[in-house]
There are 2 protein chains.
Amino acid sequence: MFRLITNGSRTLLHFLLRRRISRSGKCSVALQFEILGRFNRARAARLTLPHYVCQTPLFMPVGTQGTIKGLTNNQLEDIGCQIILGNTYHLELRPTSQLLDELGGLHKFMNWPRAMLTDSGGFQMVSLLHLADITEEGVTFQSPVDGKPMLLTPEESIHIQNRIGADIIMALDDVVKTTTTGPRMEEAMYRTLRWIDRCIAAHKRPLEQNLFGIVQGGVDPVLRDICVKGLVDRDLPGYAIGGLAGGEDKDSFWRVVAQCTAALPEDKPRYVMGVGYPLDIVVCSALGADMYDCVYPTRTARFGTALVPEGVLKLKHQAMANDIRPIDATCDCMVCKTYTRAYIHSLVTKDAMGSQLLSYHNLYYMMKLSRDLHFSILEGRFPAYVCQFLQKMFPKGDVPEWVCNAMEVAGIDISSCCQPISSFITRQANTQKIVKLTKLFVFLALLITPLSYYIAFRVSLDRFRH
Amino acid sequence: MFRLITNGSRTLLHFLLRRRISRSGKCSVALQFEILGRFNRARAARLTLPHYVCQTPLFMPVGTQGTIKGLTNNQLEDIGCQIILGNTYHLELRPTSQLLDELGGLHKFMNWPRAMLTDSGGFQMVSLLHLADITEEGVTFQSPVDGKPMLLTPEESIHIQNRIGADIIMALDDVVKTTTTGPRMEEAMYRTLRWIDRCIAAHKRPLEQNLFGIVQGGVDPVLRDICVKGLVDRDLPGYAIGGLAGGEDKDSFWRVVAQCTAALPEDKPRYVMGVGYPLDIVVCSALGADMYDCVYPTRTARFGTALVPEGVLKLKHQAMANDIRPIDATCDCMVCKTYTRAYIHSLVTKDAMGSQLLSYHNLYYMMKLSRDLHFSILEGRFPAYVCQFLQKMFPKGDVPEWVCNAMEVAGIDISSCCQPISSFITRQANTQKIVKLTKLFVFLALLITPLSYYIAFRVSLDRFRH
């Protein structure tokens, strides 16, 4: 805290924040969440954090080790990035939380003036490392430095995150594969609940950093419900919905989001972890979620794919080689204003500049999506925005069924951009008819052809005889 | 030409250029070179090219395949980059000159509004490829695509460069190792002279592109002299000094530059190819050179080295890990204003962002060096600038002898920042004295020690006997 106060403007923000919120009598002093507009379950809010005042819904780019690959801080501010995510596990390996602490935290280290969030490190330990094992004490894993067994406890995770100093820090949770069911999932959910108390007890900077709890429970509504209730009882500054975007079917995905957002408190931010695709973000926002993070926009950029309103554009495709249009003619980003598809095609997968330019464009796209969601909710035109979004992505009206179902629950009428169910059924029935007729035709052809040859042969034979 | 005229502002510039120069009766219509200021041999000039009005002395970053690694066009303009270099050989492989021609040239392809220069492609074919062989017809090499033998002739090199469309194009020369002497160097020089006529004859866009001839001849003053005369007779828009920065000793290097710049016409730009280090550029500018190119600033950035007035700063060094100063406190570049040494240390050689930030800083350093040279010559304070530069780089006054010699020929008094020769000699003499005294001391010690032991032994023996 002492270190943060060295910066004048931040001190002022921090002071005002504490003053304003302590008057309201809320326990969270480093976060303020004001809902500015709603459309049914969807909300547009102002999320005031120690380092920045963010607008929700918001997307957080993943910065792993203190850098969003290829983008400078100036560029991140240019595209309207409000908050970035740092990975605790990677930061602990390099440059280490001890050094970050000595140098005044990650904000100061990377000179990032806006908001920041760190994960607990547990997910990476389980997903990246061999021999990781979860016990009641914590996550045991093989050190990638010297190969010795190491233990990440809830206390240690919070201690490291306290030293890194992000605006939002995440509780250590027991992460299991999303599609797991039965006792292991139940154990993981209850352990996550037990660990949250150890995280809260270990958290030494509650006045400057906000600890978010993570709802676990897989695709089981009963477990999710117990977890939500348990976490809400702890009155945390914010809540995350974890364990999604890990291979579950889309119908389970949105139903878990819908269940959790309905049960989580209205006046706290709701963060869906590891999500996602632009379509997922639109759907989750309609269901009342506020925050998202995903490596998708930057990872897909490295593979040569650009995000566009129509879905994706694969710059590696040979058709791009002499296409002198921008990636997206409707996009105002630096890349679309400066470079052609042909130019980016010549770079992708050959020169780092290709993925750098695509990362810039893709993150701009996500930031614009966040802004559009915010203002369309605020200005009461959210359903129109969703319809327009779906129309561009599914011009034939073939909006996936799970989206239609989710939108029905969200109370968003998207009938204008979908084929009505009846016409869909008619179309399906027509398709079946065509298949049947084709089969019949082929059968008849196979039957008639040798028959006609036989008749022709007989006629010729008869003529020959006469 | 037709394609260039599609751009309004460029058309105007082109028109004015042609109009102004055709009145003066000069043969070069796509280049104007006005010397604005001099200090002895050094000159500050305005170099007007079809796409940009440049100030000399100037450094040209190497952009290989239509991109300066990691920097966007906006960033290049921000750092004051006036002209970039493209590599013909690489561009012909990807995206191919044919595609570039179809899309309106490299300027349009990469949307670079300022000046551009392409090399002949010959150097890369000789240096990068196996089985490259130079005959009178051209450079025969093994195709990197299908392994078949291919031939780059002077005509083909110019044809490709005409399609790429840079403001300055380079003649194909016969490149041999700088330190070669004897008949092979003589052959290379005369072949370069024969090829220039084939280049001139093949050049189809002299109204929009400037063909520069390249002086060859190694470190042999007679050969260099013949080559300069031969090229000057052809009255080309500009001249390059080739075959340097390839392993020759520094004394030979500056003497070749001094000889060539003295013999080349006053009213034409002089480009020293493949140079170089900041010190080299200061020396060559003092000797009357105007243009430079080198991969050094970006290559050394990839190895974690920053250019600073004191020389270089190795960001990989462990001492940088918690150094919260900028790379150079006197530098105004985005990187120095935003990031610390500690932050860059955490990235170099681990994340592409490290070399990206260092490339930005290093190119900014080179651009500032170019500007400083220009204005110090223009404002009559060139010797003071050179002294200040040398003082920072050699604070102990140990300016290399070749620099002192070159500066004497350039008529730049650098005595204020060097140890005077007499004191240097005195120091050397003193060192020699110390060495002699040490030798004597060791000799005496070796002599006295056993002698004293012997005496002590004899005394003890005598006492024992008595």
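Criteria and thresholds
Residues numbered from 1 in each chain as written. Chains lettered and ligands numbered in written order. Predicted model: local features only at pLDDT ≥ 70, side-chain atom pairs only at ≥ 80, totals over all residues. Heavy atoms only, no water. Helix = DSSP H or I, 4+ residues; strand = E, 2+ residues; numbered from the N terminus. Buried < 20%, exposed > 50% of the residue type's maximum accessible area, 1.4 Å probe, protein only. Areas by Shrake-Rupley, 256 points an atom, 1.4 Å probe, with all protein chains shown as cover. Contact = heavy atoms within 4.5 Å. Buried area = accessible area lost by both parts, 1.4 Å probe. Salt bridge = Lys/Arg side-chain N within 4 Å of Asp/Glu carboxyl O. Polar contact = N/O pair within 3.5 Å; in protein donor to acceptor, adjacent residues only side chain to side chain. Pairing = 2+ DSSP bridges. Axes fitted to C-alpha atoms, helices over the stretch in contact; angles between N-to-C directions. Expected span 1.5 Å × (residues − 1). Core = buried A, V, L, I, M, F, W, Y, C linked by side-chain atoms within 4.5 Å. UniProt positions renumbered as here; feature names shortened; annotations may be inferred. Parallel < 35°, antiparallel > 145°, perpendicular 65-115°, else oblique. Left-handed = near helix turned anticlockwise from the far one by under 90°. Nonpolar A, V, L, I, M, F, W, Y, C, P; charged D, E, K, R; others polar.

(A) Just the overall build of chain A, in detail. Across its full length, chain A holds 18 helices and 16 strands. A buried classification covers 55% of the 466 residues belonging to chain A. As displayed, chain A offers around 20,500 Å² of accessible surface, 59% of which is attributable to carbon and sulfur atoms.

(B) Spatial organisation of the interface of chain B and chain A. With 34 residues of chain B in contact, the opposing surface of chain A contributes 34 residues. Summing both partners gives a buried area of about 2,800 Å² for chain B against chain A, and 56% of it is carried by carbon and sulfur. It is Arg94, Phe109 and Tyr343 of chain B that lose the most area in chain B upon contact with chain A, and together they represent 20% of the buried surface on that side. On inspection of chain B and its partner chain A, the count reaches two salt bridges. A salt bridge links Asp351 of chain A to Lys69 of chain B; its shortest N-O distance comes to 3.2 Å. Run the count over chain B and chain A and you get twelve residue pairs in polar contact (both at pLDDT 80 or more). If you list the elements that add at least two residues to the side of chain B that touches chain A, you get α2 (73-78), α5 (105-110), α13 (334-338), α14 (341-347) and α15 (352-378) of chain B. Element by element, the count of residues in the side of chain B that touches chain A is highest for α14 of chain B, at four residues.

(C) Representation of the sheet that holds strand β11 (residues 210-215) of chain B. All names here are of chain B. Ordered by their spatial adjacency, eight strands build an open sheet running β4-β14-β13-β12-β11-β10-β6-β5, and the pairing between neighbours is parallel. Each having just a single partner strand, β4 (58-61) and β5 (83-86) make up the two edges of the open sheet. Averaged over neighbouring strand pairs, the angle between their axes works out to 25 degrees when direction is ignored. Pairing between strand β13 (residues 270-272) and strand β14 (residues 291-294): two bridges, direction parallel. Note on β14: the bridge partner recorded for Val272 is Tyr292. Contacts between helix α9 (residues 221-233) and the sheet are confined to β11 and β12 (238-241), with β11 contributing the most and set at about 160 degrees to the helix.

(D) Highlighting helix α16 (residues 382-393) of chain B. Residues and elements named next belong to chain B. The end-to-end C-alpha distance of α16, which contains twelve residues, comes to 17 Å, matching closely the 16 Å that a straight helix rising 1.5 Å per residue would cover. The complete set of buried residues in α16 reads Phe382, Pro383, Tyr385, Val386, Cys387, Phe389, Leu390 and Met393. Buried-residue contacts for α16 involve β1 (32-39), β2 (42-49), α11 (278-286), β16 (311-314), α15 and α17 (401-410).

(E) Quick look at the environment of Asp101 of chain A. In this fold, Asp101 of chain A is placed in helix α4 (residues 97-102). Under the relative-accessibility criterion, Asp101 of chain A is labelled partly exposed at 26%.

(F) Main features of the nonpolar core. By size, the foremost hydrophobic cluster in this structure holds 242 residues, and its most contacted members are Ile344, Leu390 and Ile414 of chain A together with Ile344, Leu390 and Ile414 of chain B. In this structure, Ile344 of chain B is in contact with Leu315, Ile327, Val335, Tyr339, Leu357 and Leu358 of chain B, ignoring residues within four places of it in sequence.

(G) Representation of the UniProt feature "domain: tRNA-guanine(15) transglycosylase-like" (unreviewed entry) in chain A within the structure. In this numbering, the UniProt entry assigns the feature "domain: tRNA-guanine(15) transglycosylase-like" (unreviewed entry) to residues 41-393 of chain A. In residues 41-393 of chain A, the share of helix is 44% and the share of strand is 17%. The end C-alpha atoms are 23 Å apart.

(H) View of the packing of helix α10 (residues 250-263) of chain A against helix α17 (residues 401-410) of chain A. Residues and elements named next belong to chain A. Viewed as axis vectors pointing N to C, α10 and α17 meet at an angle of 15 degrees, and their least axial separation amounts to 9 Å. Taken together, the axes of α10 and α17 lie roughly parallel to each other. Of the two possible hands of crossing, α10 and α17 adopt the one that is right-handed. On the side of α10, the interface is formed by Lys250, Asp251, Phe253, Trp254 and Arg255, while α17 contributes Trp402, Asn405, Ala406 and Val409. Its residues placed into classes, the contact of α10 with α17 shows five nonpolar, one polar and three charged.

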